[in-house]
Amino acid sequence: MSVITARDVEQAKGELVVSSRDVVTPLARERARDLGVALRVGGAHAPAAQAPKVELARQRARSEPAKPEVALPPSAALYRRGAPLPAHVAARPRVAVVGAGHVGASTAQRLAELDRFDAVTLVDVVPGLAAGIALDLWHGAALRGFDTRIEGSDDLGAIAGAAYLVVTAGKPRQPGMSRTDLTNVNAEIIRTVGAAVRAKAPDAVVVVVTNPLEEMTHLMGEVTGFPAERVLGMAGVLDASRFRSLVALTGVARPAEISAHALGSHGPEMVIPLSHASVRGEPLERLLDTATLGAIVERTRDSGAEVVKLLQKGSAYFSPAESAARMIRAMVTGDPEVLDVCVRTRGAYGTVDTRLGLPARLGPTGLVAIEELALRPNELAALRGAAERIAERIRALG
Ligand code: LAC
């Protein structure tokens, strides 16, 4: 005998075969009516506990063509009873990605594939670009098995109602362009986007990807006037991932088995505290010599430039997109994992109050807490120095 619950019904496709000895809960019957799932009695001699699921798998294999894995709408029955909704039928938020360059397009793809959103809205000023990419991505939905709508628009107003925003809009650095030139060009873009965010998505959590990262995250905070918990910058997730992947090239472990943090700035003041770099709990410093580790830290710091040099045109996008999507995923799922995020410091780690890459926990409404790691004196000094220099650059922004 097994108990057939509403969840079994939700996982069924059209028909659910139950044994005559099974108990079908009233809520399961109601859910079956709502979803049009037929409850058929059969297989009385099959092992009772497994009968429904085994039969279900056979039916799925038989049914031609396979039904797409669609997320079902919430049942009125469930609302009436106040029962908690399973994650896949709970109301799903919308996410918007501003800027449909390579980073924006890849981020939209990653977010859609998570299948945790009602829709991903991609926006770009170039007419047709976001709509074309959105349609192209959606054409693969049946194969990838997601049901998150992807919309594209050249109107910033399309971000209205988004709970999460990833801002990738901005110019990459061109040959001959100074850092200040880039800052001025992208600051104008962030001011425009920020004003739209403030007006159209006043409750959103914003993840800034546009460079120079710390300055643009600060500016987004100023223009939107949002609390600091809702304006975050993406860089440490990427830099830590680059470090871990590069360490893995030595052969000590697989990338995901390596733990590390990348704090400070997304640039020359990047701080990778080796006191917190390990492989399955074993300090990396015991596995690799100082010179090797130093070289990997340097290569990590220059990884963005290394990719730009190889590509000759444009900058990295697969791993930056993966990183931005990971931050959004952590928020949507309430994943307690600690991620390195550009946040407002408010004196954490004894730094000046500025925007800095620090370890953080994220939740559905943005930053939950800055994580206090026990750093060595030299690591702490480097982090404080990074904060000072970032603060100077932010002051220069005016
Ligand atoms: C990089 C750019 C995305 O580090 O900042 O590749």
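That block above? That's the structure.
Conventions adopted
- What you see as residue numbers is a count from 1 along each chain, following the sequence as written.
- Whole-chain, interface and lining totals are the exception, using all residues; otherwise, since this is a predicted model, local features are given only for residues with pLDDT of at least 70 and side-chain atom pairs are given and counted only at 80 or more.
- Hydrogens are left out, water is left out, and the side-chain values use all remaining heavy atoms of the structure.
- The near set for a molecule or strand comprises every residue that places at least one heavy atom within 4 Å of it.
- We call two N or O atoms a polar contact when they sit within 3.5 Å, provided that within protein one can donate a hydrogen and the other can accept it, with sequence-adjacent residues counted only if both atoms are side-chain atoms.
- The Shrake-Rupley method, run with a 1.4 Å probe, gives the accessible areas here. Residue values count only the displayed protein chains as cover.
- Side-chain classes are defined by residue name, with Ala, Val, Leu, Ile, Met, Phe, Trp, Tyr, Cys and Pro counting as nonpolar, Asp, Glu, Lys and Arg as charged, and the others, Gly among them, as polar.
- Nonpolar side chains (Val, Leu, Ile, Met, Phe, Trp, Tyr) within 5 Å and like charges within 9 Å form the patches, drawn only from residues with over 30% relative accessible area and no salt bridge.
- In the sections that follow, a salt bridge refers to a side-chain nitrogen of Lys or Arg positioned within 4 Å of a carboxyl oxygen of Asp or Glu.
- Note on conventions: DSSP H or I runs of at least 4 residues are helices, E runs of at least 2 residues are strands, and numbering of each starts at the N terminus.
- Summary of the burial criterion: residues with accessible area below 20% of their type's maximum are buried, those above 50% are exposed, and those between are partly exposed, where the area comes from a 1.4 Å probe applied to protein chains only.
- The arc in question is traced by the directions running from the helix axis to the C-beta atoms.
- The contact rule is simple, with two residues in contact once any of their heavy atoms fall within 4.5 Å.
- Aromatic rings from Phe, Tyr and Trp, taking only the six-membered ring of Trp, are treated as a pair when their centres fall within 6.5 Å; an angle between ring planes under 30 degrees marks them as stacked, one over 60 as edge-to-face, and anything in between as tilted.
- Throughout this description, the term charge over a ring refers to an Arg CZ or Lys NZ atom that lies within 6 Å of the ring centre and within 35 degrees of the ring normal.
- Lines fitted to C-alpha atoms define the axes, with helix axes restricted to the stretch in contact, and inter-axis angles between N-to-C directions lie between 0 and 180 degrees.
- Roughly parallel means an angle under 35 degrees; roughly antiparallel means over 145; roughly perpendicular covers 65 to 115; every other angle is labelled oblique.
- Note: crossing handedness is left-handed where the near helix turns anticlockwise from the far helix by less than a right angle, and right-handed where it turns clockwise.

*Asks:* Would you take a moment to explain the site of the ligand for this structure?
*Replies:* Lining the immediate surroundings of the ligand are Asn 211, Leu 238, Arg 242, His 266, Gly 304, Ala 316 and Pro 320. Take Arg 242: an N or O atom from its side chain is 2.8 Å from an oxygen atom of the ligand. In the model, an oxygen atom of the ligand is placed 2.7 Å from a nitrogen or oxygen of the His 266 side chain. Expressed as a share of its isolated accessible area of 220 Å², the protein-covered part of the ligand is 87%. A class-by-class count of the residues in the shell around the ligand yields 3 nonpolar, 3 polar and 1 charged.

*Asks:* It is not clear to me how a nonpolar patch on the surface should be interpreted in this structure. Could you clarify?
*Replies:* There is a patch of nonpolar side chains on the surface, built from Val 125, Val 126 and Leu 129 and spanning about 260 Å² of accessible area. Tracing the backbone through its elements, the reader meets Val 126 in the loop between β6 (119-123) and α6 (129-138).

*Asks:* Quick question: what am I supposed to make of the pattern of salt bridges here?
*Replies:* Side chains bearing opposite charge may pair, as long as their charged atoms lie close to each other. Taken as a whole and judged by the stated rule, the model has 21 salt bridges. A salt bridge links Arg 242 to Asp 239; the nearest nitrogen and oxygen atoms lie 3.9 Å apart. With Arg 242 and Asp 239 both in helix α10 (residues 236-248) and 3 residues apart, this pair spans about one turn of that helix. For the residue pair Arg 242 and Asp 239, the accessibility class agrees, reading buried in each case. Between Glu 282 and Arg 286 there is a salt bridge whose closest N-O contact spans 4.0 Å. Each of Arg 110, Glu 113, Arg 144 and Glu 322 takes part in salt bridges that share partners, so that together they form one network.

*Asks:* It is not clear to me how α6 should be interpreted in this structure. Could you clarify?
*Replies:* In an α-helix, one full turn covers 3.6 residues, which means residues spaced three or four apart are oriented alike. Considered for burial, the residues of α6 that qualify are Ala 130, Ile 133, Ala 134 and Leu 137. Along the long axis of α6, the arc covered by the buried residues comes to 100°, so they all point the same way. Buried residues along α6 sit against α5 (102-114), β6, α7 (141-144) and β7 (149-153).

*Asks:* Sorry if this is basic, but what is going on with the packing of aromatic side chains here?
*Replies:* To describe a pair of aromatic rings, you give the distance between the ring centres and the angle between the ring planes. Applying the stated rule across the entire model yields 2 aromatic pairs. Centre to centre, the rings of Trp 138 and Phe 146 are 6.1 Å apart; their planes meet at 65°, and the pair counts as edge-to-face. Owing to a relative accessible area of 7%, Phe 146 belongs among the buried residues under this scheme. Ring geometry for Tyr 317 versus Phe 318: centroids 4.6 Å apart, planes at 40°, classification tilted. Under the relative-accessibility criterion, Phe 318 is labelled exposed at 56%. Lying across the ring of Phe 226, Arg 230 places its NZ or CZ 4.3 Å from the centre.

*Asks:* Which parts of the structure should I look at to understand the packing of helix α9 (residues 213-224) against helix α15 (residues 377-397)?
*Replies:* The relative placement of two packed helices is expressed as an angle between their axes plus a distance between the axes. Between α9 and α15, whose axes approach to 9 Å, the crossing angle comes to 55°. One finds that α9 runs oblique with respect to α15. Note on packing geometry: the crossing formed by α9 with α15 is right-handed. Touching Glu 214, Glu 215, Met 216, His 218 and Leu 219 of α9 are Ile 390, Arg 393, Ile 394 and Leu 397, all from α15. Tallied by class, residues from the contact of α9 with α15 come to 5 nonpolar, 1 polar and 3 charged.

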